[in-house]
Amino acid sequence: MRRPAAILIPAAVAMACLPFAFSCRPKARIPGWVQAAPGDSLAAFSGEAGWMLTHKEVQSFISRDPMVERALDLFLQKAHINPRLETGRVTFHLIGLPSKDENSFQKGLEHALIQLNQFKDPAALIGALAESFPQEGSLRIQGRDWPLYVILDIEAHGTKAHIRAASDEKGQVWIGALESLSRLASTEGLGSQPDAALAAEWINPRAPFQGFLQPEPLLGGLRQHLEGSLVKDLPQGIKALFWSITPAEGKDQPVRFELALAGSPEGINQVAPWLQRLVAAANAVQAAPGSAPELMQEKRRVGLRCALTAEQLKMVMEKLGQPGFSFSLPSGGRKA
């Protein structure tokens, strides 16, 4: 059975053609979900709530881990959240790796955190949380005590998991096992890490869909699950990879895609062959959809902006071992 790895390690990257146009652009702010993310998050998939909570393909992958599905559904139901009317963001984080004798993420939420933020009515969200779930102690995060709420206690595979929700006064909510939530208190935020911050600055902070991974620790524990993907061929020294996707406004228009990698100067200098393999994967589907991609390169990071067709994006995601979601916003959805 596939586990949270299927939804927590998405990395959609592609290009249409070479050569690249070298350029530079002003630094963008780091996305809000990145600023608050735990520093030992190994991978994340972040999307607009209205899409993440209603998309059939995403829901299908969530359902492959009963603990993730049950905790999230229970929270949404009791907090009276209507996914189709929400403007916030839902992010799935992969926290920690399975032990060597495990071939899947059998402990569910003990390896995952669900982050909800930027909701349209944070006060109502916190109020619904307090009214719907009993409070049980608190957790000190970022120098403040966050109340903990009991979502459920569940036993699976012979292991008991205590699923809780933590919230702050700004309306940000975290859902996960106590073991995962404790990592929020014990590590600095992802946005405070130099390489992660460098890469995160070069994606669109308003893009409906965004993602991240730390290649080196992830590959060290999951290489056996990545056979046939291009992720395992990333050069050493790449410390952070971020991507963003902005769906097309029209059915036949290209998808806007941004990719950013950061790490050691040696690693950045060796990225070119890896990028060229991704070019080949995209071009194997069809010709370039429009203007040539744009490459931004500095000593410790490289960034890419390009336009892809839906078919190109799907192909490259599959080459990276990721599900080929249809990244399209519902009718009337916000355009970034």
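Residues numbered from 1 in each chain as written. Predicted model: local features only at pLDDT ≥ 70, side-chain atom pairs only at ≥ 80, totals over all residues. Heavy atoms only, no water.

**A look at the overall build of the protein chain**
- Each helix and strand in the protein chain was counted, giving twelve helices and 13 strands.
- Once local pairs closer than 6 in sequence are excluded, the contacts in the protein chain between residues at least 24 apart make up 74%.
- Taken as a whole, the protein chain presents about 14400 Å² of accessible surface, with 50% of it coming from carbon and sulfur. (Helix = DSSP H or I, 4+ residues; strand = E, 2+ residues; numbered from the N terminus. Contact = heavy atoms within 4.5 Å. Areas by Shrake-Rupley, 256 points an atom, 1.4 Å probe, with all protein chains shown as cover.)

**Details of the confidence of the model for the protein chain**
- Scored by pLDDT, the protein chain comes out at a mean of 76, with 76% of its residues at no less than 70.
- Element-level pLDDT for the protein chain is lowest in strand 1 (residues 21-23), with a mean of 38, against a maximum mean of 95 in helix 8 (residues 194-200).
- Throughout residues 101-107 the model reports pLDDT below 50, and contacts reaching past four residues in sequence, or to other chains, amount to 19 contacts.
- Within the model, pLDDT remains below 50 along residues 332-336, and this stretch shows twelve contacts once partners closer than five positions in the same chain are excluded. (pLDDT = per-residue confidence, 0-100.)

**Quick notes on the packing of aromatic side chains**
- Tallied over the full model, the rule gives five aromatic pairs.
- Ring geometry for Phe45 versus Trp243: centroids 6.0 Å apart, planes at 40°, classification tilted. Of this pair, Phe45 sits in strand 2 (residues 41-48) while Trp243 sits in strand 10 (residues 238-246), and the two are 198 residues apart along the sequence.
- Given the relative accessible area of 0%, Trp243 is considered buried. (Phe/Tyr/Trp six-rings, centres within 6.5 Å; stacked < 30°, edge-to-face > 60°. Buried < 20%, exposed > 50% of the residue type's maximum accessible area, 1.4 Å probe, protein only.)

**Here we look at the pairing of strand 3 (residues 89-95)**
- With seven of seven residues buried, strand 3 lies mostly within the body of the structure.
- Of the two faces of strand 3, the one lined by Arg89, Thr91, His93 and Ile95 and the one lined by Val90, Phe92 and Leu94 are each fully buried.
- As defined by bridge partners, strand 2 adjoins strand 3 across seven bridges and the pair is classed as antiparallel. In the sheet register, Ala43 faces strand 3, and the bridge partner there is Leu94.
- Pairing between strand 3 and strand 4 (residues 112-117): six bridges, direction antiparallel. Considered in strand 4, the bridge of Phe92 is made with Ile114. (Pairing = 2+ DSSP bridges.)

**With respect to the pattern of salt bridges**
- For the structure shown, the criterion picks out eleven salt bridges.
- Taking the shortest distance from any N to any O, the salt bridge between Glu201 and Arg301 comes out at 3.0 Å. On the criterion of sequence distance, the pair formed by Glu201 in the loop between helix 8 and strand 9 (209-213) and Arg301 in strand 13 (residues 301-308) is long-range, its members being 100 residues apart. Take Glu201 and Arg301: they sit in the same class, and that class is buried.
- Lys232 is the salt-bridge partner of Asp233, the closest N and O atoms lying 3.5 Å from each other. (Salt bridge = Lys/Arg side-chain N within 4 Å of Asp/Glu carboxyl O.)

**Some details on unusual backbone geometry**
- Phi is positive for Gln118, close to 60°, though the residue is something other than glycine.
- Relative to the assigned elements, Gln118 resides in the loop between strand 4 and helix 6 (122-132).
- Gln118 sits in the partly exposed class, given a relative accessible area of 44%.

**Some points on the side chain of His93**
- Summarising the element assignment, His93 is placed in strand 3.
- A polar contact of 3.0 Å, which involves the side chain of His93, links it to the side chain of Ser41. (Polar contact = N/O pair within 3.5 Å; in protein donor to acceptor, adjacent residues only side chain to side chain.)

**A few points about the environment of Lys319**
- If you trace the backbone, Lys319 turns up in helix 12 (residues 310-319).
- Classification of Lys319 as partly exposed rests on a relative accessible area of 35%.

**A closer look at the nonpolar core**
- Of all hydrophobic cores here, the largest spans 67 residues; its most connected members are Phe75, Ile163, Val173, Ile175 and Trp274.
- Those residues within four positions of Ile175 in sequence are excluded, and the remaining contacts are Ala71, Phe75, Leu113, Ile114, Leu116, Ile163, Arg164 and Ala165.
- Counting residues in each nonpolar core, the second largest holds 19 residues, with Trp33, Ala200, Phe212 and Met296 among its members. (Core = buried A, V, L, I, M, F, W, Y, C linked by side-chain atoms within 4.5 Å.)

**Details of helix 5 (residues 66-78)**
- With 13 residues, helix 5 extends 18 Å between its outermost C-alpha atoms, agreeing within 8% with the 18 Å of an ideal straight helix rising 1.5 Å per residue.
- Along helix 5, the residues classified as buried are Met67, Val68, Ala71, Leu72, Phe75 and Leu76. Projected down its long axis, helix 5 carries its buried residues within an arc of 150°, all on one side.
- Phi turns positive one or two residues past the end of helix 5, at His80, with a value near 55°. (Expected span 1.5 Å × (residues − 1). Arc of directions from axis to C-beta.)

**Here we look at the pairing of strand 4**
- For strand 4, the buried fraction is high: six of the six residues fall into the buried class.
- Side chains of strand 4 alternate between two faces, with Ala112, Ile114 and Leu116 and Leu113, Gln115 and Asn117 buried alike.
- Strand direction decides the pairing type here: strand 4 and strand 8 (residues 173-177), joined by four bridges, are antiparallel. In the sheet register, Leu116 faces strand 8, and the bridge partner there is Val173.

**What about the side chain of Ser41?**
- Within the secondary structure, Ser41 is located in strand 2.
- Setting aside its immediate chain neighbours within four residues, Ser41 contacts His93, Leu94, Ile95, Phe212 and Gln214.

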